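Structural overview
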2 protein chains.
Amino acid sequence: MEKFKLNKKTDTPLYIQLYENFKTLIEEDQLENEKLPSIRNLANSLGVNNVTVVSAYKLLEKEGYVYSIKGSGTYIRKLPVDTISYLEEGDMDLMVSGILPISNNSINFASMSPTPDLFPIEEFKRVLIEVLDRDAGLAFLYPEITGYDPLRGSISKFLKEHYNTVVNKEQILITSGGQQGLDIISKTLINPGDCIFVENPTYSGALGTFKSRGAKIIGIPINENGIDIIALKSYIKKYRPKFLYIMTNYQSPTTYSYDFRSKEELLLLSKEYGFYIIEDDFLTDLTFSENKKMPLKSIDRFDQVIFIKSFSKIFMPGVRIGFITLPNKLFKEIIKAKHTTDISSSGYLQRAFDLYLRQGYWKNHIEKIKAVYSKKYKLMTEGLDRLSEYGVSYIKPDGGLSIWLKLPKNIDSINIYNECAENGLAIVPGKVFFVDDSIYSNYIRLSFGQISNEEIIEGLRILENIISKPFRDKESNYLPFI
Amino acid sequence: MEKFKLNKKTDTPLYIQLYENFKTLIEEDQLENEKLPSIRNLANSLGVNNVTVVSAYKLLEKEGYVYSIKGSGTYIRKLPVDTISYLEEGDMDLMVSGILPISNNSINFASMSPTPDLFPIEEFKRVLIEVLDRDAGLAFLYPEITGYDPLRGSISKFLKEHYNTVVNKEQILITSGGQQGLDIISKTLINPGDCIFVENPTYSGALGTFKSRGAKIIGIPINENGIDIIALKSYIKKYRPKFLYIMTNYQSPTTYSYDFRSKEELLLLSKEYGFYIIEDDFLTDLTFSENKKMPLKSIDRFDQVIFIKSFSKIFMPGVRIGFITLPNKLFKEIIKAKHTTDISSSGYLQRAFDLYLRQGYWKNHIEKIKAVYSKKYKLMTEGLDRLSEYGVSYIKPDGGLSIWLKLPKNIDSINIYNECAENGLAIVPGKVFFVDDSIYSNYIRLSFGQISNEEIIEGLRILENIISKPFRDKESNYLPFI
Ligand SMILES: Cc1ncc(COP(=O)(O)O)c(C=O)c1O
Ligand SMILES: Cc1ncc(COP(=O)(O)O)c(C=O)c1O
């Protein structure tokens, strides 16, 4: 502790002096230990009040130099933030946004992103090189703000062919992925304090974007067949939302899909009450049954639905190409928002993706990944069905990349998350997807985008071990879940 | 006019009915003429008041179906917005943001973007293919949010080597171009109503982004040697800005560069009053004299400067790769803002750019484009010097891609813009860069990023023709400018 120089005779409060001392030591990387001394120890050895130390630590935390873990202590924040395996509620948004990476040794039931072995890399390499030969420097100019014109054409065709959806190529804006679509729509439609509706639970990346614009966010419950229309109606009358954000097929995280009636009712409501529907589509293509799913956009005759497409989960995330459809009335404003966001998306990648679609690779690719994922899905569901005796249940999505697992009521998903992490299994606690501090804390999301068939079996074994514990520990203090 | 069905007996006001009629006709593409009937004609033939027609047209305009040109009439807005050669003040932001493209037949003195013949396409093609062979699918995963780690390393080295600037690779965030850097910083630092400072005049793309966050924007005059420090000081005391946005070298649009003293004073002020400095660097490399320019970041010992780099004007705009430096205190928040913006930038292009830098192509490339541009610069300045007899003047930047031309006081740059456009010359009227409805309307920006040497000579001939007119028309009604 001889490192600290406190001067009781100056005007500067002691806690500020202590803060400054720590700050310098951290910046100069002079502290051996990642963990700061305990409050009591430090206060004693410096001959100051506990409060002085607490205040200094608080200030350090506020300024981003340290972070604290409840019941454990205060730690220096390394740049970049390292993997931490123990999750506090405050860290959940970090984890979901990928800032806290998942430990490499874990079996990854947390991620939906595909692995490189499923990327159509040969074909894509071919079109990438073809574009270089064909267009040379033209591929590296600023493309039109709305996107590379032929790609807009291919996408219009793609929509017709695969989703039975008619959208003129002039009404398509190419974005740098689906997330950017959300960001641009937020910029166009949300002013601070505006009210918007989302399904509850929903995709946390969307919540982040909406919050960043200062939206007042209302969550509407979602059921097996779609959003709760009755609840929605009563909320609409009360709040008059700017828009409703939904995922109609294999919703994240619930995996639920809208039936036709829910879609139709929703569309009529949006027309009647004049709010837009933002339809985020990232998985429609991944159906494992015979019934092809269609987006809500396919029946939108009122120009009320803004369709956002992400190709990250069904193609390759690193291509960073997605698109949105432009309602007539918002055309100009959305284009402006795109411009202030990043001027335009990479023309080179747009040109390559255009060729990829034009040369007809898409269909084969989707068939291929569907075959792989439906096998994983089968393994997952068979394994999970065996766990029903421990009180867990779920609704079979018959498509997509996740299972939304309901645990017995008295289980908190954060505890399960932590127990899984300790045992080398990464899952996502359901809580991170809810708008409010939800009472529904007994859900977890298990995804099979990143894992091998062997890992599915091993992962489910670990999970079973954890959730069956109360049943095995009859003599212990545990109460059984149910 | 038999197309219109108005019903005077219902509750719906006539102008709403007329609006609905037009809306349907426009949506169904049933109007032959792009121009709507004149107000008087339509009112007469429908037997309604002029005001009814005016109100209907206003509503159509508000909803984006039509636009009006003062003194000319009201026109259907085609999607996408077409080139219009005649500029109204309200369209200026559209033009600057590239939504109104420049006619292909014009000599383009408006754009700073380089042409493909200056792109190092052979070398870049080589690294693009090398990445595919080396990394295959890995290149198409989501990269780390902060960017591809080796590229962050190369950029740290690049900063040291070319700008004498020490920034740890952990403090670098890769962005999808410089504009995205501005957007991410805005999200991190601006809450609605926050006050920020900019140079006046400044880059309109930055203004767009700041406005979109609801910032209160104050413009501080910029002089030949940098921002007006005295004005700045008095404004700081009054407004306490969140940050000051500047371009220290070859500022856009003025082309002025900061001298050392201005940089140093600025840095001390930012430390004293606790505001960040956002340094947007897009041209530092393009010096035509012996004196190498350095960014303000190179002397930043307080972690007060956020350095944003755009490679669009000195490399290739379509690569969409730029970076920003991360102050320690904002690290976590900026990363979160990046995530809500587009998750991460294309890993494939990041990997290729990394190889490009590592393999040492940069220096040659810059030397090559400097040689080309300095020749164009010489042609421009020699030509413009000959125009001084008509009362135009400018300060020689000795670098960069533009000239900021001062016209005689009584000339409005919008008029000159329109006259130039009519004569096949695209320029940018100075007005679009000012924060306020400025009295400084007698500036135009002439850029030589897109034009050949022959076009420079021809363009200057056209310009001379226009600005010398009052001098030639001695007998006419014109008063000479000076
Ligand atoms: C529901 C949903 N929408 C949109 C996105 C955005 O994806 P991207 O920007 O990679 O296209 C994601 C990514 O995880 C997602 O899960
Ligand atoms: C001053 C300035 N900063 C930043 C940018 C953004 O460029 P980019 O996003 O292409 O890197 C531009 C582009 O015109 C610019 O002029």
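Scroll up to find the structure.
Numbering of residues begins from 1 in every chain and follows the order in which that chain's sequence is written. Going through the entries in the order they are written, you letter the chains from A and number the ligands from 1. Whole-chain, interface and lining totals are the exception, using all residues; otherwise, since this is a predicted model, local features are given only for residues with pLDDT of at least 70 and side-chain atom pairs are given and counted only at 80 or more. Where side-chain values are given, they derive from all heavy atoms of the structure, hydrogens and water being excluded.

In terms of helices and strands, chain A carries 16 helices and 15 strands. C-alpha atoms define the radius of gyration, and 2.2 Å times the number of residues to the power 0.38 defines the globule rule. The globule rule puts the C-alpha radius of gyration for 482 residues at 23 Å, and the 25 Å found for chain A is close to it. Expressed along its principal axes, the backbone C-alpha trace of chain A runs to roughly 75 × 60 × 50 Å. Between buried and exposed lies partly exposed: a residue is buried under 20% and exposed over 50% of the maximum accessible area for its type, with that area taken using a 1.4 Å probe on protein chains only. Burial analysis of chain A (482 residues in total) assigns 59% to the buried set. Residues are treated as being in contact if the distance between any of their heavy atoms lies within 4.5 Å. Restricting the contact set of chain A to residue pairs at least 6 apart, pairs at least 24 apart contribute 71%. Here chain A displays about 20100 Å² of accessible surface, and carbon together with sulfur accounts for 48% of that area. For the purpose of charge, His is not counted, nor are the chain termini; Lys and Arg are scored as positive and Asp and Glu as negative. Where a charge sits is defined by one atom per residue type, namely NZ (Lys), CZ (Arg), CG (Asp) or CD (Glu). Across chain A, the 60 positively charged side chains and the 60 negatively charged ones have centroids separated by 4 Å. Secondary structure elements follow DSSP: runs of H or I of four or more residues count as helices, runs of E of two or more count as strands, with numbering from the N terminus. Note on areas: Shrake-Rupley, 1.4 Å probe, and residue coverage restricted to the protein chains presented here.

Geometry of an aromatic ring pair is reported as the spacing of the ring centres plus the angle between the planes. Pairing of aromatic rings covers Phe, Tyr and the six-membered ring of Trp, with a centre-to-centre limit of 6.5 Å; geometry is then stacked below 30 degrees between planes, edge-to-face above 60, and tilted otherwise. Applying the stated criterion across every chain yields a total of 61 aromatic pairs over all chains. The interplanar angle of 90° and the centroid separation of 5.5 Å between the aromatic rings of Phe140 of chain A and Phe124 of chain B together place this pair among those described as edge-to-face. Here the residue Phe140 of chain A occupies a position in the loop between α5 (121-135) and α6 (149-163), and Phe124 of chain B occupies one in helix α5 (residues 121-135), the pair thus bridging two chains. Here the two residues Phe140 of chain A and Phe124 of chain B agree in accessibility, since each one is buried. Charges are assigned to positions over rings by a cutoff of 6 Å between ring centre and Lys NZ or Arg CZ, combined with an angular limit of 35 degrees from the ring normal. When the ring centre of Phe311 of chain A is taken as origin, the NZ or CZ atom of Lys309 of chain A, which lies over that ring, is 5.9 Å away.

All names here are of chain A. What makes two strands pair is DSSP finding at least two bridges between them. Spatially, β12-β15-β14 is the arrangement adopted by the three strands of the open sheet, whose pairing is antiparallel. The open sheet has two free edges, formed respectively by β12 (402-406) and β14 (428-429), since each of these has just one partner strand. Of the pairings in the sheet, the one linking β12 to strand β15 (residues 443-447) comprises five bridges and is antiparallel in character. Residue pairing across strands places Lys406 opposite Tyr443, the latter belonging to β15.

In the sections that follow, a salt bridge refers to a side-chain nitrogen of Lys or Arg positioned within 4 Å of a carboxyl oxygen of Asp or Glu. Counting across every chain of the model gives 41 salt bridges over all chains. Residue Asp183 of chain A pairs with Lys187 of chain B through a salt bridge whose shortest N-O separation is 2.8 Å. On the criterion of chain membership, the pair formed by Asp183 of chain A in helix α7 (residues 178-189) and Lys187 of chain B in helix α7 (residues 178-189) is interchain, its members lying in two chains. For Lys187 of chain B, a relative accessible area of 8% gives the class buried. Ionic pairing is found between Lys396 of chain B and Asp385 of chain B, a salt bridge with its closest N-O pair at 3.2 Å. Note that Lys396 of chain B is positioned in the loop between α13 (362-385) and β12 (402-406) and Asp385 of chain B in helix α13, a separation of 11 residues in sequence. On the basis of relative accessibility, which here comes to 36%, the residue Asp385 of chain B falls in the partly exposed class. In the salt-bridge network here, residues are joined through shared partners; they are Asp183 and Lys187 of chain A together with Asp183 and Lys187 of chain B.

On their own, these measurements won't tell you what the molecule is for.
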